[in-house]
Amino acid sequence: MGDSERHAQQRLERIILELLERRGPTATICPSDAARAAYSGQGDGWRALMEPARAAARRLVEAGEVDITQGGRPVDPGTARGPIRIRRHR
């Protein structure tokens, strides 16, 4: 992994934590919120950042910073399929 890729990953992790910080302690965000915040272009180019945003959320789960939820309950990020939400770890 190159420095620019590592920098992009760390940036997405910071964006996720910053978005959660701006909201209430029980709030959740969607990975698309982070992808949109990280994308500086026009149009729907943010969609290319969806999987990197989901990967950043998985790394933050491993670090004990966030939970990935479905239906309001924490799920294993390795087996979660479909839409997910991200919240501060409880």
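What you see is a predicted model, and the numbers here were worked out from it, not measured in a lab.

**Things to note about the pattern of salt bridges**
- Going through the model one piece at a time under the given rule, you end up with 9 salt bridges.
- When the shortest N-O distance is used, the salt bridge between D44 and R47 registers 3.6 Å.
- Residue class for R47 comes out exposed when judged on its relative accessible area of 53%.
- Members of the salt-bridge network, linked through shared partners, are E21, E65 and R88.

**Examining the nonpolar core**
- Core analysis: the largest hydrophobic core is formed by 17 residues, its most contacted members being L12, I16, L20, I29, A34 and I86.
- Among the elements that take part in this core, helix 1 (residues 3-22) stands out by supplying 5 residues, more than any other.
- Setting aside residues up to four positions removed in sequence, I16 forms contacts with I29, A34, A53, A56, A57, L60 and I86.

Parameters and conventions
Residues numbered from 1 in each chain as written. Predicted model: local features only at pLDDT ≥ 70, side-chain atom pairs only at ≥ 80, totals over all residues. Heavy atoms only, no water. Salt bridge = Lys/Arg side-chain N within 4 Å of Asp/Glu carboxyl O. Buried < 20%, exposed > 50% of the residue type's maximum accessible area, 1.4 Å probe, protein only. Core = buried A, V, L, I, M, F, W, Y, C linked by side-chain atoms within 4.5 Å. Helix = DSSP H or I, 4+ residues; strand = E, 2+ residues; numbered from the N terminus. Contact = heavy atoms within 4.5 Å.

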